[in-house]
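Read off the chains here:
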Amino acid sequence: MSENNTANNTEAKKKANFINMQIDADLAAGKNDKRVHTRFPPEPNGYLHIGHAKSICLNFGLAQQYGGKTNLRFDDTNPSKEETEYVESIMEDVHWLGFDWENRLYYASDFFPKLHAFAIQLIKEGKAYVDDQDAETISSQKGTPQKPGMESPHRNRLVEENLDLFERMTAGEFNEGEKVLRAKIDMTSPNMHMRDPIIYRIMKAHHHRTGDKWCVYPMYDFAHGQCDYWEGITHSICTLEFEVHRPLYDWFIDQLKDSDYRPRQIEFARLNLTYTVMSKRKLLELVKDGHVSGWDDPRMPTISGLRRRGYTPESIRNFSDKIGVTKVDGMIDVSLLEFSVREHLNKTAQRVMGVINPLKVVITNYPEDLVEELDAVNNPEDETMGMRKVPFTREIYIERDDFMEDPPRKFFRLGPGREVRLRYAYFVTCTDVIKDENGEITELHCTYDPASKGGNSPDGRKVKATLHWVSATHGVKSEVRLYDRLFNDEDPNGHKDVDFKEFMNPDSLSVLSDCYLEPFIKDSKPLDHFQFERLGYFNMDPDSTPEKPVFNRTVALRDSWAKAQGKE
RNA sequence: UGACCUGUGGUGUAACUGGCAACACGUCUGACUCUGGAUCAGAAGAGUCCAGGUUCGAGCCCUGGCAGGUCAACCA
């Protein structure tokens, strides 16, 4: 695991949610030998996103709270969409988040033989039949939520005939779509899912694990609950849209169970975040159409994207705790996610100075060849992180935004004739503003006060501002990537008749290639976290090379000056 | 003309078997500060979708409405 803290030691006092209460009740009633066993069941057809992180934290967190276990199970019943690449990324992401399924890795495909045998059992019991009709016909007989369905003409086939047909389906004698196996339940049920649901379909696709062995594959409803049952799951936690599936889930368990043990499905509201989309289909679309650089583009709400952006597992876990678990289908403000990273990184991130929009400053009374190694604090929130040296020279860079030729009343930073502190260095006073023929400021001349070395006030005089800076001769030239929200609309999904991509923010990425960082960052590795003082939290991007380090801005610091600016 | 689910400050969550609505984010003050960060102190903001009812007392219970979500894939 790339981050040393695992999820176990951050738990402590979680708020009880409605699922806790239901588990407490189950335990009090002595159900399932008082076990708590959950599972996280992703389909390997895409990368995990922050919504999955909520589910992962919930499932693994619950098990930890009750001294139970959590399985990782790949729900791979549809070979046409699933790939090994996704399996690997999912395992990496779950581990990175700080959770471990130990030796309990399962695939729904592990259960294909048992599922198939169970289907045969249902046929023998007269509870399943083969239907020869095509998809359209079957669907039209299904009725609507308001109108009951009609029975298929094949519904009352003889058991022997069903057995024979299903066997031949399995052997590959029929083409895709020619036949399906359906459970025989109730075509008039007010619940659409109970109207003789299809449980097996013919698919002549290559499966990422079972290869070409099978010609028939079970449907989700026919696989999920049974896998839960065979794995010994006690609480099968899923999202709200499966609520209407629960009677069917229970129906299959009823056919299967041979003891008092029974898994129970509980539904909670999936996570919705402002200014983003959260469906694998839409995220895939962004990737495929090249709107982002990949699943791990730092603007993506995927776990791999957040990781590359500089989020920490701890911050995501804390976020997950904070948002709680309910059945209310709401929308969480991204600012809460951002708060979670700031909170964690403030306590842990190495401080460093970096200038991302350089303006050269010449300190005219400072010796030409002198290089002073000044002391800087690595993290004021954590003394154990120690100190480092920062080289100071006659020519430095400061942030362009930190100088104004004609500063307004509330601008505290540098201006002509003004004195400010250079962090850990000296007090400097601006004496000259150098411009090119277009009137653009190209350089500042300052003088420094040798008595203020280290940034201390020699005589108790105050300066209004402290600026970060980087030596022009020692600074490490770098690329910095700034990110903004991917969408301009709070709910890009919430507009009927308007495609979500219409709301994409054209300025969600800006690349600054003329940035200078203090030499300390030379030793950093991809994904290392930093606070660039006064700017925000950044981490090193894997695109970095020794010649050109690249940093991503995870999130900016809270900035009351910028906020005040925005209001004018 | 259905079934199931949901409805508490701007947002998200709390409120044990009914006892004067709490916390977090966000917002706004002020203090402090070698990060306009962090920290600290404080403020504003809901009377719990509506209407009845039960009760000394209801966000919690009952009745009836209203609003929103989900369900008609050989997807999960």
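### Details of the overall build of chain A
A count of helical and extended segments in chain A gives 13 helices and 25 strands. Each principal axis of the C-alpha distribution contributes one length, and for chain A these read about 100 × 50 × 40 Å. For chain A, buried positions account for 53% of its 568 residues. Counted over contacts in chain A with a minimum sequence separation of 6, partners at least 24 positions apart contribute 71%. Of the roughly 25800 Å² of accessible surface on chain A, 48% is carried by carbon and sulfur atoms.

### Digging into the state of the cysteines
Enumeration over the complete set of coordinates arrives at zero disulfides. This cysteine, cysteine 215, is not joined by any disulfide, and cysteine 227 carries the nearest cysteine sulfur, 20 Å off.

### A look at the packing of helix 4 (residues 112-124) against helix 7 (residues 220-231)
One way to put it is that helix 4 packs onto helix 7 with a least axis distance of 11 Å and a crossing angle of 110°. By the angle between their axes, helix 4 is roughly perpendicular relative to helix 7. As helix 4 runs across helix 7, the sense of the crossing is right-handed. Along its contact with helix 4, which presents Lys114, Leu115, Phe118, Ala119 and Leu122, the element helix 7 presents Phe222, Ala223, Gln226 and Trp230.

### Describing the environment of phenylalanine 166
Within the secondary structure, phenylalanine 166 sits in helix 6 (residues 159-170). Taking C-alpha positions, phenylalanine 166 is 68 Å from phenylalanine 520, a pair spaced 354 residues apart along the chain. Excluding residues within four positions of it along the chain, phenylalanine 166 makes contact with His116, Ala119, Ile120, Ile123, Val130, Leu181 and Tyr200.

### Thoughts on the packing of aromatic side chains
Centre-to-centre distance and the angle between the planes together describe a pair of aromatic rings. All chains considered together, the criterion is met by 28 aromatic pairs. Judged by centre distance (5.8 Å) and plane angle (90°), the ring pair of tyrosine 47 and tyrosine 86 falls under edge-to-face. Here tyrosine 47, found in the loop between strand 1 (37-40) and helix 2 (50-65), pairs with tyrosine 86, found in helix 3 (residues 84-97); they are 39 residues apart in sequence, far enough to count as distant. Here the aromatic rings of tryptophan 251 and phenylalanine 252 are separated by 5.4 Å at their centres, their planes lie at 75°, and the arrangement is edge-to-face. Judged on exposure class, the residue tryptophan 251 and its partner phenylalanine 252 are both buried. Cluster of aromatic residues (ring-pair linked, three or more members): Phe118, Phe166, Tyr200, Phe222, Trp251 and Phe252. Positioned above the aromatic ring of phenylalanine 500, the side-chain terminus of lysine 282 is 5.7 Å from the ring centre. Sitting above the plane of the tryptophan 96 ring, arginine 307 keeps its charged end 5.2 Å from the centroid.

### Quick notes on the sheet that holds strand 5 (residues 180-183)
If you trace the four strands from one edge of the open sheet to the other, you get 4-5-6-7, paired in antiparallel fashion. Looking at strand neighbours, the two that pair on one side only are strand 4 (128-131) and strand 7 (216-218), the edges of this open sheet. When strand polarity is set aside, the average angle formed by the axes of neighbouring strands in this sheet is 25°. Sheet topology note: the strand 6 (residues 198-202)/strand 7 ladder contains three bridges and is antiparallel. Considered in strand 7, the bridge of arginine 201 is made with tyrosine 217. Each of strand 4, strand 5, strand 6 and strand 7 touches helix 4; the most contacted strand, strand 6, lies at about 120° to it.

### Focus: the side chain of threonine 38
Of note, threonine 38 is situated in strand 1. Taking the relative accessible area as the measure of exposure, threonine 38 reaches 0% and is therefore buried. A polar contact of 2.9 Å, which involves the side chain of threonine 38, links it to the side chain of threonine 70.

### Examining the nonpolar core
Judged by nonpolar contacts, the single largest core of 36 residues is most densely connected at Phe166, Leu181, Ile199, Tyr200, Phe222 and Phe252. When residues of this core are traced back to their parent elements, those giving at least two are helix 4, strand 4, helix 6, strand 5, strand 6, strand 7, helix 7 and helix 8 (246-256). In terms of nonpolar packing, the next biggest core, distinct from the first, is built from 34 residues, Ile90, Val94, Leu271 and Val334 among them.

### What about the environment of tyrosine 537?
Within the secondary structure, tyrosine 537 sits in strand 24 (residues 536-540). Looking at tyrosine 537, the relative accessible area reads 3%, which means it is buried. As for tyrosine 537 and arginine 553, which are separated by 16 residues in sequence, their C-alpha atoms are 5.9 Å apart.

### Side note on the pairing of strand 23 (residues 529-532)
The alternating pattern of strand 23 places His529 and Gln531 on one face and Phe530 and Phe532 on the opposite face, and all of these are buried. Looking at chain direction, strand 23 and strand 24 are connected through four bridges and run antiparallel. Bridge assignment links phenylalanine 532 to a residue of strand 24, and that residue is glycine 536. Between the end of strand 23 and the start of strand 24, which pair antiparallel, lie three residues, with arginine 534 showing a positive phi angle near 70°.

### Here we look at helix 6
Under the 1.5 Å per step criterion, the end-to-end length of helix 6 is 16 Å for twelve residues, consistent within 8% with the ideal 16 Å. Along helix 6, the residues classified as buried are Asn162, Leu165, Phe166, Met169 and Thr170. Down the axis of helix 6, the buried set is contained in an arc of 140°. They therefore lie on one face. Within helix 6, the exposed residues directed more than 90 degrees away from the buried face are Glu160 and Glu167. In this fold, the buried residues of helix 6 make contact with helix 4, strand 4, strand 5, strand 6 and strand 7.

### A short note on unusual backbone geometry
The phi dihedral of lysine 34 is positive, around 60°, even though this residue is not glycine. Structurally, the position occupied by lysine 34 is in the loop between helix 1 (18-28) and strand 1. A positive phi angle, close to 70°, is found at arginine 534, a residue other than glycine. With respect to the helices and strands, the residue arginine 534 is situated in the loop between strand 23 and strand 24.

### A look at the pattern of salt bridges
Evaluated as defined, the whole model comprises 48 salt bridges. Note that arginine 104 and glutamate 102 form a salt bridge whose closest N and O atoms lie 3.0 Å from each other. By relative accessible area, which is 9% here, arginine 104 ends up buried. The exposure class assigned to glutamate 102 is exposed, which follows from its relative accessible area of 53%. In this structure, glutamate 161 engages arginine 157 in a salt bridge whose closest nitrogen and oxygen atoms are separated by 3.4 Å. Under the relative-accessibility criterion, arginine 157 is labelled buried at 14%. Linked through salt bridges whose partners overlap, the residues forming this network are Asp296, Arg308, Glu479, Arg481, Asp541, Asp543 and Lys548.

Reading the values: the criteria
Residues numbered from 1 in each chain as written. Chains lettered and ligands numbered in written order. Predicted model: local features only at pLDDT ≥ 70, side-chain atom pairs only at ≥ 80, totals over all residues. Heavy atoms only, no water. Helix = DSSP H or I, 4+ residues; strand = E, 2+ residues; numbered from the N terminus. Buried < 20%, exposed > 50% of the residue type's maximum accessible area, 1.4 Å probe, protein only. Contact = heavy atoms within 4.5 Å. Areas by Shrake-Rupley, 256 points an atom, 1.4 Å probe, with all protein chains shown as cover. Disulfide = S-S within 2.5 Å. Axes fitted to C-alpha atoms, helices over the stretch in contact; angles between N-to-C directions. Parallel < 35°, antiparallel > 145°, perpendicular 65-115°, else oblique. Left-handed = near helix turned anticlockwise from the far one by under 90°. Phe/Tyr/Trp six-rings, centres within 6.5 Å; stacked < 30°, edge-to-face > 60°. Lys NZ or Arg CZ within 6 Å of the ring centre and 35° of its normal. Pairing = 2+ DSSP bridges. Polar contact = N/O pair within 3.5 Å; in protein donor to acceptor, adjacent residues only side chain to side chain. Core = buried A, V, L, I, M, F, W, Y, C linked by side-chain atoms within 4.5 Å. Expected span 1.5 Å × (residues − 1). Arc of directions from axis to C-beta. Salt bridge = Lys/Arg side-chain N within 4 Å of Asp/Glu carboxyl O.

This is a description of form; function is not addressed.
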